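Observations on the model geometry
Residues per chain, in single letters:
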Amino acid sequence: MRPDLAGLGRFAQPSLAILLTLSEGPKHGYAIMAAARELTGEPLGPGTLYATLSRLEDRGLIESLPTEDRRRPYRLTTNGAAVLRAQLEAIEGIAHAGLARLGRSARSRPTTS
Amino acid sequence: MTAGGATAAERSRAARYVGLYPRTWRDRYGDELEAVLESDGLGVRTRLDLLRGALDAHLHPARPSPLPVVAAVSASAFAVAHAIALATEPAPTDWPGYLEAALPLIIASVLALIPAVIGLWLKLGDGDGALGRVGIVLATVGYAAWLAALVAAATRLAYGPLTAVAATVAMAGTAALGVALVGRNRLLLGTLLGAAALAGVAPPALGWYAFAAAWTAVAVVVVADFVAASAASEGPGGRSVAS
């Protein structure tokens, strides 16, 4: 099992959004779309949503729950939570390093008077 | 509008779009996708996204499709028959690189190579990378142009340098796919594709023999992959992960 989502190509970004929305608890398709849109500011289309859900299920990162009135909720698996945590920690590391460099760069930049 | 409030026309439109997906996919996700579409509506962006999703579902079926395997085996069989025809006939003088009587065999081989290379590209999975994408575009365009040029030659409509140019483009795409596969740890398959690409631009008739041999080896690997993937998809883990 790959420890990251890089092997998912164009589905890596929607995968991260879906895993993030499911980290607060099980959700069905429409609720995932709405939560992902709120989280990222980008619409997640239903075609992309289900193409991504099927990949995440295949990889054992999410699992489905019993259907409720044609709506099937999905939840994170233990493995999915571990992959999400690793992804977020990697992003946090990049953000910290980037902000530190930006801070050093701003301090060394000559001021204009 | 809520799912319960969807009009008959909206439900019908949603069902039409869901109908674009493969049956096995619909059995698994169809109902819930329809419910989402009835809740969210069908704008232009959503329709385009669904078309892309349906194409993706056809390209990545739950169970491995036998079509690229049949295509690869057919392409190699016709290439071998073509090589045998060249080996048993006197060298052509008026068809540089081709034997007129054997043209239908190489035409059939090139025709089958189009779905075969698409199947090979799909082995790269979602992270196919720029090289894989360039490779599949060059390969499909090249094989299609080569096919058209060969048909034009066989029907005596035209014969010229376009045949060689198209074949070279097809081989460049094949080589790029081979390198991309090597980059995805498919060393044997990638190397064989590279060999097939080199053989395709090698001088006849030796090049044709090598072409037939390389594609036969590719077909053997593709069949072995298919058998392994089919067994995995029927195992306790269900659908196999694209590799």
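Quick caveat: nothing in here was measured; it's all calculated off a predicted structure.

Turning to the overall build of chain B, a few remarks are in order. Counting its regular elements, chain B contains 9 helices and 0 strands. Taken from the N to the C terminus, the helices and strands of chain B come in the order α-α-α-α-α-α-α-α-α. Overall, chain B is about 75 × 45 × 30 Å in size when its C-alpha atoms are taken along their principal axes. Counting all 243 residues of chain B, 40% fall into the buried class. In chain B, of all internal contacts separated by at least 6 residues, the share reaching a separation of at least 24 is 67%.

Attention shifts here to the interface of chain A and chain B. Listed by partner, the interface residues are 22 residues for chain A and 24 residues for chain B. No other element matches helix 3 (residues 46-58) of chain A, which puts 7 residues into the side of chain A that touches chain B. Considering only residue class, the side of chain A that touches chain B consists of 8 nonpolar, 8 polar and 6 charged.

Attention now moves to the environment of Q87 of chain A. Residues and elements named next belong to chain A. Relative to the helices and strands, Q87 resides in helix 4 (residues 78-108). Spatially, the C-alpha atoms of Q87 and L16 are 8.1 Å apart, while their sequence positions differ by 71 residues. Discounting chain neighbours no more than four positions away, the residues touching Q87 are D4, L5 and L16.

What tends to happen in soluble globular proteins is that the nonpolar side chains get buried as a cluster. Formed by 56 residues in total, the largest nonpolar core has its most connected members in L177, A196 and V218 of chain B. Secondary-structure elements contributing two or more residues to this core are helix 4 (67-88), helix 5 (103-122), helix 6 (129-154), helix 7 (161-183), helix 8 (187-200) and helix 9 (206-233) of chain B. Sequence-distant contacts of V218 of chain B, defined by excluding residues within four places in its chain, comprise A72, S76, L189, L192, L193 and A196 of chain B. Judged by nonpolar contacts, the second largest core, of 36 residues, contains L16, L19 and Y50 of chain A together with A14 of chain B.

Residues and elements named next belong to chain B. For V201, the location among the structural elements is in the loop between helix 8 and helix 9. Taking the C-beta count within 10 Å as the criterion, V201 has 16 such neighbours and is therefore assigned partly exposed. Among all residues touching V201, those that are not within four sequence positions of it are T168 and M171.

Once that is clear, we can look at the packing of helix 1 (residues 8-18) of chain B against helix 2 (residues 23-40) of chain B. Residue and element names in this part refer to chain B. As a packed pair, helix 1 and helix 2 sit with axes 9 Å apart at the nearest point and diverge in direction by 145°. Of the two elements, helix 1 crosses helix 2, and the hand of that crossing is right-handed. For the pair helix 1 and helix 2, contact is made by E10, R11, A14, A15, Y17 and V18 and by R26, G30, L33, E34, L37 and E38, respectively. Grouping the amino acids of the contact of helix 1 with helix 2 by side-chain chemistry returns 6 nonpolar, 1 polar and 5 charged.

Turning next to the confidence of the model for chain B. On average, residues of chain B score 87 in pLDDT, and 91% of them are at 70 or above. Here the prediction assigns the complex a pTM of 0.75, and the interface score ipTM is 0.82.

Turning next to the packing of helix 6 of chain B against helix 7 of chain B. Residue and element names in this part refer to chain B. Running from N to C, helix 6 and helix 7 cross one another at 155°; their axes reach a closest spacing of 7 Å. Viewed along their axes, helix 6 and helix 7 adopt a mutual orientation that is roughly antiparallel. Relative to helix 7, the crossing made by helix 6 is left-handed. For the contact of helix 6 with helix 7, the class distribution of residues is 23 nonpolar, 7 polar and no charged.

A positive phi is found at R70 of chain A, a non-glycine position, where the angle reads about 65°. Positive phi is not limited to glycine here, since N185 of chain B has a value of about 65°. Here N185 of chain B is to be found in the loop between helix 7 and helix 8.

Attention now goes to helix 3 of chain A. The first and last C-alpha atoms of helix 3 of chain A sit 18 Å apart over 13 residues, in line with the 18 Å expected at 1.5 Å per residue. Along helix 3 of chain A, 11 of the 13 residues are buried, which leaves the element largely enclosed by surrounding structure. Taken together, the buried positions of helix 3 of chain A are P46, G47, T48, L49, Y50, A51, T52, L53, S54, R55 and L56 of chain A. Packing partners of the buried residues in helix 3 of chain A comprise helix 1 (12-22), helix 2 (29-40), strand 1 (62-64) and strand 2 (74-76) of chain A together with helix 2 and helix 3 (44-59) of chain B.

Quick notes on the rules
- Residues numbered from 1 in each chain as written.
- Chains lettered and ligands numbered in written order.
- Predicted model: local features only at pLDDT ≥ 70, side-chain atom pairs only at ≥ 80, totals over all residues.
- Helix = DSSP H or I, 4+ residues; strand = E, 2+ residues; numbered from the N terminus.
- Buried ≥ 20, exposed ≤ 12 C-beta atoms within 10 Å, placed from the backbone.
- Contact = placed C-beta atoms within 7 Å.
- Nonpolar A, V, L, I, M, F, W, Y, C, P; charged D, E, K, R; others polar.
- Core = buried A, V, L, I, M, F, W, Y, C linked by C-beta atoms within 7 Å.
- Axes fitted to C-alpha atoms, helices over the stretch in contact; angles between N-to-C directions.
- Left-handed = near helix turned anticlockwise from the far one by under 90°.
- pLDDT = per-residue confidence, 0-100.
- Parallel < 35°, antiparallel > 145°, perpendicular 65-115°, else oblique.
- Expected span 1.5 Å × (residues − 1).

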